[in-house]
Every structure is written in C-alpha cells, then in structure tokens.
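Architecture at a glance
Chain residues, written in single-letter form:
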Amino acid sequence: HDSGNLKRDVVFLFEGEEESGVGIEDRGFCKMVLENMKWFGSDNDIDEVSSNSNRPCAILISNNYWIDDNRPCLTYGMRGVIDFSITVTGPSTNLHAGVDGGSIHEPMEDLNALLYTLSHEKDKIFSGGVRDLANDERERYEKVNLNVEEYAKQVGVSRLRQISPLHVLGSRWSKPSISISNVSSTNTSRGFRRIPAMCQAKVSLHFVPDQDAEEQKQRLISYLQNVFDDLESGNELQINIKQVSNWWLANTRTRIFDVAAESVEKVWGVKPLLVREGGSYGGITSFLERSLKAPAIHLPMGQASDSAHLPNERISLKCLVKGREVVEDFLMNI
C-alpha cells in the first residue's frame, strides 16, 4: 500500500469467537458481516454484492498448520464438527459404592456404555453421505507422501489405527470421526468407592462432504437415545448440542489457488502441498464464501509441531516473516 502498488481494496476481518464454544449462529460475527455488506463493495445487501463488478475476488484465511514441519501447504478443505455433551443423571446424591453398589444403575456405567458403542459403531452410524475421493484428489493425498512412522512419533503413539499413508490421511481429512474430549462427574474428590449422581462427557463428531449437518445431528441424537433405552436404566439422559460448524471444500482450479501457489513457491522456493484439514473453521469459511460470493483459501503459516490449541502454542519467527511475505505477494498479484 505504501508503495502504491496495491491493486485491490483489502478488508480485514478479525473473528475471535471460534474457541468460545458458542455455536456459529449465536456468535456476532455472521450478523456483523451481513449487516455491513458495504464493506465489501455493496451499499445495501448481499444481492448487490453478487452483481457488483467491484465485488470481492478472494477470501484469504490463515487459521491452520502445515502437514509437517518442513513443507509449506495450502488448505482447500475442512471437516465440519458437532460439539455436544452427554449427561447421565441418577440418584439424588453421590452414594457409597460399598453400601449401594450393585443395587442401582450407576450413571458412570451408563455413560461408559454410550461412549463405547458410539466410538465402536461410528463407521456404521455416520458413514452415510460421504463423498468418494475423485482421482485427482487421491493423487493429492499420495503427493503428500506422509511418513506414517514419523507421524506416529510426532503425536506420541506407538501405533495408529491405519497402516497406509492414504488411509491415515483419509481418516484425518475425509472420513467422519468421534473424539471424546472430557469426562467429569459429581465425584469431585475423584476418590475411590464413590458412585457419582451425575456424569458428563464432552464429545465432538467431525463430519465431511457431502454429509448434511442437520441429518448428522439428528442421527446422533436418535442413536444415543435408542442405545440408552436399550439399557433399560432408571437414570435420565440429556444430550446437549453445543455448536455445529459445517464442512468446507474449495474448487482448487480457480485463480486464487494459482496465485497463492505461485506466491508460496516464490517465497519458500518450493511448490506448496494441497491439503485438507480436520479443523473446525469450515463453518466460517463456507459462510464467507456464500455471503460474499467469492472463493476462499486457507494459507497455513504454522508448522505441525506448533501445539495447536495446546500449552506452549507457538509459531516460529521464520514462518511468521515468510508468511507475511507470501500474503504481500498474493495481494500484489490477485
């Protein structure tokens, strides 16, 4: 901008609610964008943006990470996510296992049964509607040339669920998955021989193209309720959907990807890998694409070892500086 070479107007949007746990429809971001379409070349509304010759030509987001620590990437897809809690409530107060154990349906026992069946039956429950990989996308997966042993070492496990690189990437990018993040109870002292009156699990279901978010949500609720009914327990079940964020999958044959790839290669000296991700930012990305009628791309700046959303989350100075150079070159040429 200072040199006078910037050919496009650039609008910066800062979205800071993704980790709030609040559903996308309840955040202020989407409402703010829709009420201020004038920022994007319209004096009135979304319809004018779609017909305006000055409408946005690209949406550039930097929210995710490289596939490893050495190879720059461009992200063209993300899984959707449903965050939900499962709560099982039983006796009116905590009980002593030595006194009452064996005579009641224990909430923790019921919750464990639900989590077990949910985890082990997920392929049967949530596999409907999954888009098959096209040949060109399968080739992209193969070009990643994922080192399965190194990946296992990176995440600190001795064994993965899958063996081949293609299947490992598929499980992370283009297949549904269930993750149990936390289990808590009213046994706050965490002592032995306590029967908690209430137990709760926080769980995430990641879903993929072309699965419908509402259908997945209803399938999830119906399945859990049916399994719980089969337990014939005297306890109560509550399923609370915390947030739903949709998947996003870009058309990589657009100019935005060509320009971004050229910028990455110019700065880093290598062609970027085209990757998908399991992150939960697909909902915001697809919302922006629909609202602004423009293609989106994710430019990862962080490396795989940057501890995303974990203690000591970081980014190297080199990646930050070169990432800025990539953005600058992209804006000059888009």
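Up top is the structure these notes are about.
As a starting point, this report considers the structure included with it. These figures come from a predicted structure and were not determined experimentally.

A packed helix pair is summarised by two numbers, namely the angle formed by the two axes and the spacing between the axes. With their axes 10 Å apart at the nearest point, helix 4 (residues 107–120) and helix 9 (residues 213–231) run at an angle of 130 degrees to one another. When the axis of helix 4 is compared with that of helix 9, the two are oblique. Judged by the sense of rotation from one axis to the other, the crossing of helix 4 with helix 9 is right-handed. Along the contact surface, helix 4 presents Asp110, Ala113, Leu114, Thr117 and Leu118, while helix 9 presents Leu220, Tyr223, Leu224, Val227, Phe228 and Leu231. Each residue belonging to the contact of helix 4 with helix 9 can be placed in one class, and the counts come to nine nonpolar, one polar and one charged.

For the rest of this paragraph, the subject is the pattern of salt bridges. Under the counting rule described, the total for this entry stands at 12 salt bridges. Note that Lys31 is salt-bridged to Glu35, the shortest N-O span being 2.8 Å. Among the salt bridges present, the one from Asp136 reaches Arg253, with a minimum N-O distance of 3.0 Å. Within this pair, whereas Asp136 is found in helix 6 (residues 135–144), its partner Arg253 is found in the loop between strand 9 (248–249) and helix 10 (255–268), the two being separated by 117 residues in sequence. The network of salt bridges with shared partners includes Asp136, Arg140 and Arg253.

Another point: the packing of aromatic side chains. Applying the stated criterion to the full structure yields four aromatic pairs. On the basis of an interplanar angle of 65 degrees and a centroid distance of 6.4 Å, the ring pair of Phe29 and Phe287 is categorised as edge-to-face. Remark: Phe287 occurs in helix 11 (residues 282–292) and Phe29 occurs in helix 1 (residues 29–34); sequence separation between them is 258 residues. Its relative accessible area of 5% is what places Phe29 among the buried residues. On the accessibility criterion, Phe287 (7% relative accessible area) is buried. Both rings, one in Tyr141 and one in Trp173, keep their centres 5.1 Å apart while their planes meet at 80 degrees; by these two values the pair is edge-to-face. Here Tyr141, found in helix 6, pairs with Trp173, found in helix 8 (residues 165–173); they are 32 residues apart in sequence, far enough to count as distant. Between the NZ or CZ atom of Arg140 and the centre of the ring of Tyr76, over which it lies, the distance is 4.8 Å. Positioned over the ring face of Trp268 is Lys322, at 5.3 Å from the centre of the ring.

Definitions and limits used
- Residues numbered from 1 in each chain as written.
- Predicted model: local features only at pLDDT ≥ 70, side-chain atom pairs only at ≥ 80, totals over all residues.
- Heavy atoms only, no water.
- Axes fitted to C-alpha atoms, helices over the stretch in contact; angles between N-to-C directions.
- Helix = DSSP H or I, 4+ residues; strand = E, 2+ residues; numbered from the N terminus.
- Parallel < 35°, antiparallel > 145°, perpendicular 65-115°, else oblique.
- Left-handed = near helix turned anticlockwise from the far one by under 90°.
- Contact = heavy atoms within 4.5 Å.
- Nonpolar A, V, L, I, M, F, W, Y, C, P; charged D, E, K, R; others polar.
- Salt bridge = Lys/Arg side-chain N within 4 Å of Asp/Glu carboxyl O.
- Phe/Tyr/Trp six-rings, centres within 6.5 Å; stacked < 30°, edge-to-face > 60°.
- Buried < 20%, exposed > 50% of the residue type's maximum accessible area, 1.4 Å probe, protein only.
- Lys NZ or Arg CZ within 6 Å of the ring centre and 35° of its normal.

In short, geometric facts, not functional conclusions.
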